[in-house]
Amino acid sequence: MSALAVVRRVRRRARLVSVLLAALAAGVFLLALSVGTATVSLPDVLSTLAGQGSSDTNYIVLDRRLPRALTGLLVGAAFGLSGAILQSLLGNPLASPDVIGISAGAGAAAVTGIVAFGLGGPGVAAAALVGALATAALMYLLAWRDGVTGYRLVLVGIGLAAILLSVISYFMTRSQVTSAQDALVWLTGSLNDSGWDKLVPLAVALVLLLPAVAAAARALDLMGFGDDTASGLGLAVPRARLGLLLCAVALAGTATATAGPIAFVALLSAPIGRRLARDGGPALLPSTLVGAVIVVAADFAAQHTPGLPRVPVGVLTGAIGAPYLLILLARMNRGGHGG
Amino acid sequence: MAVVSTVLAPADVPVRRRTVAWLGGTAVALVGLVMISLLVGSKAIPVPTVVDALVDFDPTINDHLFVREERLPRTLLALLVGAGLGLAGTVMQAVARNPLADPGVLGINAGASLFVVMGITLFGVTALTGYVWFAFGGALVATVLVYGVGALGREGATPVKIALSGAAANAAFVSLTTTVLLSDTDAFEQFRLWQVGSLSGRHLDVLTQVLPFLGAGIVLALASGRLLNTLTLGDDIARGLGQNTAVARIVAGVTVVLLCGAATAAAGPIGFVGLAVPPVARMVAGPDHRVVLPCALLFAPVLVLAADILGRVIAWPAEVQVGIVTAVLGGPVFIALVRRRGRRQ
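Residues numbered from 1 in each chain as written. Chains lettered and ligands numbered in written order. Predicted model: local features only at pLDDT ≥ 70, side-chain atom pairs only at ≥ 80, totals over all residues. Heavy atoms only, no water.

1. Re the overall build of chain A
And then number 1: From N to C terminus, chain A includes 13 helices and zero strands.
And then number 2: Starting at the N terminus and ending at the C terminus, chain A contains elements arranged as α-α-α-α-α-α-α-α-α-α-α-α-α.
And then number 3: Over its C-alpha trace chain A gives a radius of gyration of 20 Å, about what one expects of a compact globule, namely 20 Å for 339 residues.
And then number 4: Dimensions along the principal axes, computed over C-alpha positions, put chain A at roughly 60 × 55 × 40 Å.
And then number 5: For chain A, the residues scored as buried account for 55% of the 339 residues in total.
And then number 6: Summarising the internal contacts of chain A: among those between residues at least 6 apart in sequence, 72% fall at separations of at least 24.
And then number 7: Here chain A has roughly 14000 Å² of accessible surface; of this, 65% comes from carbon and sulfur atoms.
And then number 8: Charge centroids of chain A, computed over 22 positive and 13 negative side chains, lie 12 Å from each other. (Helix = DSSP H or I, 4+ residues; strand = E, 2+ residues; numbered from the N terminus. Rg over C-alpha atoms; globule rule 2.2 N^0.38 Å. Buried < 20%, exposed > 50% of the residue type's maximum accessible area, 1.4 Å probe, protein only. Contact = heavy atoms within 4.5 Å. Areas by Shrake-Rupley, 256 points an atom, 1.4 Å probe, with all protein chains shown as cover. Lys, Arg positive; Asp, Glu negative; His and termini not counted. Charge placed at Lys NZ, Arg CZ, Asp CG, Glu CD.)

2. Comments concerning the side chain of Asn 98 of chain B
And then number 1: For Asn 98 of chain B, the location among the structural elements is in the loop between helix H4 (62-96) and helix H5 (108-123).
And then number 2: Judged by its relative accessible area of 7%, Asn 98 of chain B is buried.
And then number 3: A polar side-chain atom of Asn 98 of chain B sits 2.9 Å from a polar atom in the side chain of Asn 92 of chain A.
And then number 4: Excluding its chain neighbours within four sequence positions, the residues that come into contact with Asn 98 of chain B are Asn 92, Pro 93 and Leu 94 of chain A together with Gln 93 and Ala 163 of chain B. (Polar contact = N/O pair within 3.5 Å; in protein donor to acceptor, adjacent residues only side chain to side chain.)

3. Side note on the interface of chain B and chain A
And then number 1: Chain B puts 56 residues into the contact, and the matching count from chain A is 56 residues.
And then number 2: At the boundary of chain B with chain A, total buried surface from both sides reaches about 4700 Å², with 73% on carbon and sulfur atoms.
And then number 3: Area buried by chain B at its contact with chain A is led by Leu 100, Leu 164 and Arg 339 of chain B, which between them contribute 15% of it.
And then number 4: Remark: the boundary between chain B and chain A carries zero salt bridges.
And then number 5: Counting the contacts that link chain B with chain A gives six residue pairs in polar contact (both at pLDDT 80 or more).
And then number 6: Where the side of chain B that touches chain A is concerned, the elements lending two or more residues are helix H6 (128-151), helix H7 (159-183), helix H8 (185-196), helix H13 (272-285) and helix H15 (322-344) of chain B.
And then number 7: When residues in the side of chain B that touches chain A are grouped by element, the largest group, 17 residues, is from H7 of chain B.
And then number 8: Grouping the constituent residues of the side of chain B that touches chain A by class yields 31 nonpolar, 15 polar and 10 charged. (Buried area = accessible area lost by both parts, 1.4 Å probe. Salt bridge = Lys/Arg side-chain N within 4 Å of Asp/Glu carboxyl O. Nonpolar A, V, L, I, M, F, W, Y, C, P; charged D, E, K, R; others polar.)

4. A word on H5 of chain B
And then number 1: With 16 residues, H5 of chain B extends 22 Å between its outermost C-alpha atoms, agreeing within 8% with the 22 Å of an ideal straight helix rising 1.5 Å per residue.
And then number 2: Along H5 of chain B, the residues that are buried comprise Ile 108, Asn 109, Ala 110, Gly 111, Ala 112, Ser 113, Leu 114, Val 116, Val 117, Gly 119 and Ile 120 of chain B. (Expected span 1.5 Å × (residues − 1).)

5. With respect to the confidence of the model for chain A
Residue and element names in this part refer to chain A.
And then number 1: Chain-level statistics for chain A give a pLDDT mean of 85 and a share of 96% at 70 or above.
And then number 2: Put simply, helix H13 (residues 313-335) is where chain A has its lowest mean pLDDT, 77, and helix H12 (residues 284-304) is where it has its highest, 92.
And then number 3: Note that residues 335-339 has pLDDT below 50 and, in this model, 15 contacts with residues that lie over four places away or in other chains. (pLDDT = per-residue confidence, 0-100.)

6. Digging into the UniProt feature "transmembrane region" (unreviewed entry) in chain A
All names here are of chain A.
And then number 1: UniProt feature "transmembrane region" (unreviewed entry): in the numbering of this structure it lies at residues 67-87, 99-119, 125-144, 151-172, 199-221, 242-268, 280-301 and 313-332.
And then number 2: Helix and strand shares over residues 67-87 are 100% and 0% respectively, and the end C-alpha atoms of the span are 30 Å apart.
And then number 3: Note that residues 151-172 is 100% helix and 0% strand, and that its end C-alpha atoms are spaced 31 Å apart. (UniProt positions renumbered as here; feature names shortened; annotations may be inferred.)

7. Some words on the packing of aromatic side chains
Residues and elements named next belong to chain B.
And then number 1: Enumeration over the complete set of coordinates arrives at eight aromatic pairs over all chains.
And then number 2: Chaining the aromatic ring pairs together yields one cluster made of Trp 133, Phe 136 and Phe 213.
And then number 3: Across the ring face of Phe 57, the terminal group of Arg 68 is positioned such that the distance to the ring centre comes to 4.4 Å. (Phe/Tyr/Trp six-rings, centres within 6.5 Å; stacked < 30°, edge-to-face > 60°. Lys NZ or Arg CZ within 6 Å of the ring centre and 35° of its normal.)

8. A word on the packing of helix H6 (residues 150-174) of chain A against H13 of chain B
And then number 1: Between H6 of chain A and H13 of chain B, the least distance of the axes is 10 Å, while the angle of their chain directions is 140°. One finds that H6 of chain A runs oblique with respect to H13 of chain B. Where H6 of chain A crosses over H13 of chain B, the two elements pack in a sense that is left-handed. Of the residues in H13 of chain B, those touching H6 of chain A at Tyr 151, Leu 155, Ile 158, Gly 159 and Ala 162 of chain A are Phe 272, Leu 275, Pro 279 and Arg 282 of chain B. (Axes fitted to C-alpha atoms, helices over the stretch in contact; angles between N-to-C directions. Parallel < 35°, antiparallel > 145°, perpendicular 65-115°, else oblique. Left-handed = near helix turned anticlockwise from the far one by under 90°.)

9. Notes on the packing of H4 of chain B against helix H9 (residues 204-223) of chain B
Residues and elements named next belong to chain B.
And then number 1: Closest axis-to-axis distance for the H4/H9 pair is 10 Å, and the angle between their directions is 35°. Where H4 crosses over H9, the handedness of that crossing is left-handed. Each of Pro 73, Leu 76, Leu 77, Leu 80, Val 81, Ala 83, Gly 84, Leu 87 and Val 91 in H4 lies in contact with H9, whose residues at this interface are Leu 204, Val 206, Leu 207, Val 210, Leu 211, Leu 214, Ile 218, Ala 221 and Leu 222.
And then number 2: Residues belonging to the contact of H4 with H9 are distributed by class as follows: 17 nonpolar, one polar and no charged.

10. Concerning the confidence of the model for chain B
Residue and element names in this part refer to chain B.
And then number 1: For chain B, per-residue confidence averages 83 on the pLDDT scale, and residues scoring 70 or more make up 93% of the total.
And then number 2: For chain B, helix H1 (residues 2-8) is the element with the lowest average pLDDT, namely 40, and helix H14 (residues 289-314) is the one with the highest, namely 92.
And then number 3: As a predicted assembly, this complex carries a pTM of 0.82 together with an ipTM value of 0.76.

11. Focus on a positive patch on the surface
All names here are of chain A.
And then number 1: Taken together, the side chains of Arg 8, Arg 9, Arg 11, Arg 12 and Arg 15 make up a positively charged region of the molecular surface.
And then number 2: On the secondary structure map, Arg 15 appears in helix H1 (residues 3-34).
And then number 3: For Arg 15, a relative accessible area of 56% corresponds to the exposed category. (Patch = residues over 30% accessible without salt bridge, like charges linked within 9 Å, V, L, I, M, F, W, Y side chains within 5 Å.)

12. Topic: the pattern of salt bridges
Residues and elements named next belong to chain B.
And then number 1: By the definition in use, this model includes five salt bridges over all chains.
And then number 2: For the salt bridge of Arg 74 with Asp 308, the shortest nitrogen-to-oxygen distance reads 2.8 Å. Taken together, the residues span a long stretch of sequence, with Arg 74 in helix H4 and Asp 308 in helix H14 at a distance of 234 residues. Exposure class is identical for Arg 74 and Asp 308. Each is buried.
And then number 3: Notably, a salt bridge pairs Arg 74 with Glu 319, separated by 3.0 Å at the nearest N-O pair. Here Glu 319 lies in the loop between H14 and H15 and Arg 74 lies in helix H4, a separation of 245 residues in the sequence.
And then number 4: For Arg 74, a relative accessible area of 9% corresponds to the buried category.
And then number 5: Residue Glu 319 is classed as partly exposed on the basis of its relative accessible area, which comes to 23%.

As structure tokens, this is what we get:
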């Protein structure tokens, strides 16, 4: 087989994976709209979405279930994409907004708001967004020494993350157990108070950010060859890195502000996406879709698993994503593609 | 092996002298901190009484008992836990060849935490000495799982596979722990204080319980410098040099279980030490793990003990847990060191 044919086959596989993942995401999404205390049949769901529902199905599907399912879809996509960008930008499979302090910044601001100032809803969201952006800015400034390297950014990030996690722990041990438990729910990530009011800002942010990422995706591909090669190929590496970093942080920050730092979605989606696509690249689209599937599926399981109390979605994202990644690793390792 | 030692021997003398200076300075600081740790605490005890308690112990005097049974075990435990965490982090970062690898990120602490939570909810364990075995079991299960999944396949446990299976295991354990905690307020109340990482109220019984494991782990870690040197060269070179990489990783795994399990059992999952001390030790010592490991052995206890002392003082007479203070104290220092290194290069 010629090299060109191999490249074509690899690309075809990556495209096919994306299409299948998108279908899976749509399937889980429709399931979440249809199943609940009152089950709406799939044709009814579709006709309601098309604007031809009865007043009952309009209320159940459009008012109650759609905002939650859409929020899950968008938040999951944002986390998945953010993790994929960060992991390939920093060249480290353990990099994610959770590990390098972005989520900790959002969390510290939000928990301080909840426990110390008794904030709720929009106040917490605003605090979280500001916390995430401020942490990222601080991280970039502290890592700056005639430019920024991925390694230094990661190390500064874990230093900041540790300090911010201490702030969270301090409030968690000093507060009443009930408000600490509220804070734990937020820190785990929950879609319980999704609504159109929170969904609109998230959607606007994604409409702005997704084209920006798409435009920068080629730069990410080039940077995969190393900074020197990328500059040699005419890429302004520092500017591209800053731009991509900004996108990743903004994605994670907005998603966190909407639903809390839903655990592990950003960390797990990208390795799963990359292993499914197997094209050797950053696999941005598959990772985005994997993130969306994980969050919607985990939220569905969190609400409808018999015998389980209704837990926040972040409790189950780890339980759904992690075993799958472990199985994937085990299977691919046997085939010799694991590394 | 001879090739490795020539390749990795610190060639230039100035680096060596600087390392020795660092080690000496740290040792002196450690002795000073031990003295301060015996003198300072929520209970104000005059200096002569503390000295008497150590050299001329009288079990009928309350203050003597307090120094002997509270402060001394606590200080020793801070030293041991610090050493254990610092060494465990160094070993893990070398094996995973990743500066983000540590007992926290790779799921070992999460495994220990999950088992402790199950001990609290399923078996009603309340005593610190009861947590120990659960923490150990969890650390062991986590390590076996992470290594087991990472090692499947022809090429064995590569750093990327270990990192990913660790991250996935961590996610799974944390999910399960949170599920339990959210449905059980009493367990959450008990667990949130343990989870932060604290040395207060640890008496001689906890110390004697974990001492054999930490001791064995520390000896094993210090002896594995050569193994780690070969592993960091990459699997192909290591194999070419005649190193059985699987055996080397299993030795490292046993070391990590002993150190993390015992340290977490004694003080709860203290996060920052295992992550931050190894890079600092490598900055001071260079790439040779036979030098890096002793550096980590001395640096980490300084951080933990200083944090514990500070935690006793800042909110006096209340205490702030050592796990909280460690990062607040060590974080800025760590960032400053990372920045300094950046300028020099």
